[in-house]
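Below are the chains, spelled out letter by letter.
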Amino acid sequence: MRNNTVVYSSSSELSVGEKVERILSEMGGMSKFVKPGNLVLIKPNFVAPFAHATTSLEVLEAIIDAVKRCGGRPVIAESAGYEFDTEATFKILGAYEFARKVGVDLINLDKVQYKSVRLTRGLVRELKIPKLVLDADLLINVPKLKRHSLTGMTIGAKNLIGLVHRESRCRIHCLGLERGIFELTKLIPSHLVIVDGTVISESAVFGAQHHLNLIVGSDSVYAADLFCCRFLGVHARGVGHIRLSMDDGLISHEFTAISTEVKWPSREMPETDLKEFVSKGNRLVRKVYQLMYCLEIMYSRIMKGRSLIPAAHFYFGIRPWLDRNACNDCGACVTVCPVNAITIPERKIDASLCMRLRCMKCVSVCSRGAIRVRGRKAVDADRHAIPYLS
């Protein structure tokens, strides 16, 4: 059992880049992790086309700069959430432009070669992992700190799911998400973890945001996750994969925490505005999602690779809805739609195109309010839950 180090900064006076630099300095510098010539795989969270729900590009730029100064060869690699189109997500987030700006390759993991790797425990006994991940000398895990309807929290360990083939992801969700995440952390070690908690969300994609200004660094994904839970007042043993890491002796209940501004311990977490953020997940929702992924396995086999997950999220989750009577055919929505899902004068949103992205840009540009948000969370009554409406 190791006593790992966690370094964090929540100062509102420092820029994101300065926070990352200070954290790396306290950890011994990036050269402690990266050697000249190393292929460094940087794994952000680009789950969906919303900046508030994804890893800050400022955080990534600071990390990439530090890697390059050590002579490393950084590469960004990611696959979006199961129901989202990765290529379109990258484009909306501006990830390709960013990659060109900082001079690194951005790899869509949906388009690379995979290798099958055996697991020793859990109902899922084999995972498909990108060859790129297995060939990399170093993995820098850069998760986004958020709540999650299935796992309670999504931080460093959960972020590794994006490195698994979609077919394997589906099996993990169906046969044991918490055990699957835990086994994945051992299969794909995170050599360095930098958690982006600058803006945190009440759900993985759609949800109200809170500005926390937090950046966390650690040499252990388990310690990073445990620290973030404690920082927010979340009972870590209530998060399944963190509980498993504790029970397996991979992280002690204590760790060395160093702040770049104040002495530890200090209670910096908001006392009132994060009550919803730290509330327990809905068990019924978890069971429904598990059943949905089990059905997905059978459906994809019968329908030769087609998926029912995007449609399930679209019709039972959150989606744009067009009121034909209120529409005046101005075409503003057509102009901003990145997948050409809206047609005028038919006044129609093509669900088959929209469901793989659901960027909600059309909602924000409709001056007449003819396009509104519908779905399980009644987000149109809480407009700040959709970032484009802020």
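As shown above, the structure is provided for reference.
Residues numbered from 1 in each chain as written. Predicted model: local features only at pLDDT ≥ 70, side-chain atom pairs only at ≥ 80, totals over all residues. Heavy atoms only, no water.

Student: Explain the overall build of the protein chain to me, please; I cannot follow it from the model alone.
Tutor: Each helix and strand in the protein chain was counted, giving 15 helices and 16 strands. Per-residue burial for the protein chain yields a buried fraction of 57% across its 390 residues. Considering only residue pairs separated by 6 or more positions, the protein chain has 73% of its internal contacts joining residues 24 or more positions apart. Carbon and sulfur atoms form 51% of the exposed surface of the protein chain, whose accessible area is close to 17000 Å². (Helix = DSSP H or I, 4+ residues; strand = E, 2+ residues; numbered from the N terminus. Buried < 20%, exposed > 50% of the residue type's maximum accessible area, 1.4 Å probe, protein only. Contact = heavy atoms within 4.5 Å. Areas by Shrake-Rupley, 256 points an atom, 1.4 Å probe, with all protein chains shown as cover.)

Student: In this structure, what is going on with the pattern of salt bridges? I would like to understand it.
Tutor: Side-chain pairs of opposite charge can arise where the charged atoms are in close proximity. Enumeration according to the criterion identifies 16 salt bridges in this entry. For D247, the salt bridge identified is with R237, shortest N-O distance 2.9 Å. Remark: R237 occurs in the loop between α9 (221-231) and α10 (240-247) and D247 occurs in helix α10; sequence separation between them is ten residues. Exposure remark for D247: the relative accessible area of 52% places this residue in the exposed category. (Salt bridge = Lys/Arg side-chain N within 4 Å of Asp/Glu carboxyl O.)

Student: Explanation requested: the packing of helix α7 (residues 166-175) against helix α11 (residues 283-302) in the structure shown.
Tutor: How two helices pack is summed up by the angle between their axes together with the distance between the axes. Where α7 meets α11, the closest approach of the two axes is 7 Å, and the angle between their N-to-C directions is 140°. By the angle between their directions, the pair α7 and α11 is classed as oblique. Crossing handedness for the pair α7 and α11: left-handed. Across from C170, R171, H173 and C174 in α7, the residues of α11 making contact are Q290, Y293, C294, E296, I297 and R301. Classifying every residue of the contact of α7 with α11 by side-chain character gives five nonpolar, two polar and three charged. (Axes fitted to C-alpha atoms, helices over the stretch in contact; angles between N-to-C directions. Parallel < 35°, antiparallel > 145°, perpendicular 65-115°, else oblique. Left-handed = near helix turned anticlockwise from the far one by under 90°. Nonpolar A, V, L, I, M, F, W, Y, C, P; charged D, E, K, R; others polar.)

Student: Quick question: what am I supposed to make of the packing of aromatic side chains here?
Tutor: We describe a pair of aromatic rings using the distance from one ring centre to the other and the angle between the two ring planes. Evaluation of the coordinates by the stated rule reveals eight aromatic pairs. Here F50 and F206 contribute two aromatic rings whose centre-to-centre distance is 5.1 Å and whose plane-to-plane angle is 70°, an arrangement assigned as edge-to-face. With F50 in the loop between β2 (39-43) and α2 (57-69) and F206 in the loop between β10 (192-201) and β11 (209-218), the pair connects residues that are 156 residues apart, well separated along the chain. Both rings, one in F314 and one in Y315, keep their centres 5.0 Å apart while their planes meet at 85°; by these two values the pair is edge-to-face. Residue Y315 is classed as partly exposed on the basis of its relative accessible area, which comes to 45%. Through a chain of ring-to-ring contacts, the aromatic side chains of Y8, F227 and F231 assemble into a single cluster. (Phe/Tyr/Trp six-rings, centres within 6.5 Å; stacked < 30°, edge-to-face > 60°.)

Student: Would you explain empty space enclosed by the protein in this entry?
Tutor: Regions of empty space are outlined by a rolling probe, equal in size to a water molecule, passed over the atoms. For the coordinates displayed, the defined rule picks out three cavities of 30 Å³ or more. The calculated volume of the largest cavity comes to roughly 100 Å³. Lining the largest cavity we find 15 residues, and of these C337, C354, C359, M360 and C362 sit closest to its centre. In terms of residue class, the lining of the largest cavity is made up of 13 nonpolar, no polar and two charged. If you add up the space inside the second largest cavity, you get close to 80 Å³. Taken together, 14 residues form the lining of the second largest cavity, with C327, N328, C330, C333 and C366 sitting closest to its centre. Breaking the lining of the second largest cavity down by element, the ones donating at least two residues are α13 (332-336) and α15 (361-365). Considered class by class, the residues forming the lining of the second largest cavity number eleven nonpolar, two polar and one charged. (1 Å grid on protein atoms, 1.4 Å probe; cavity = no way out; pocket = protein on both sides within 12 Å on 5 of 7 lines; lining within 4 Å. Points joined across faces, edges and corners; volume = space filled by probe spheres on them.)

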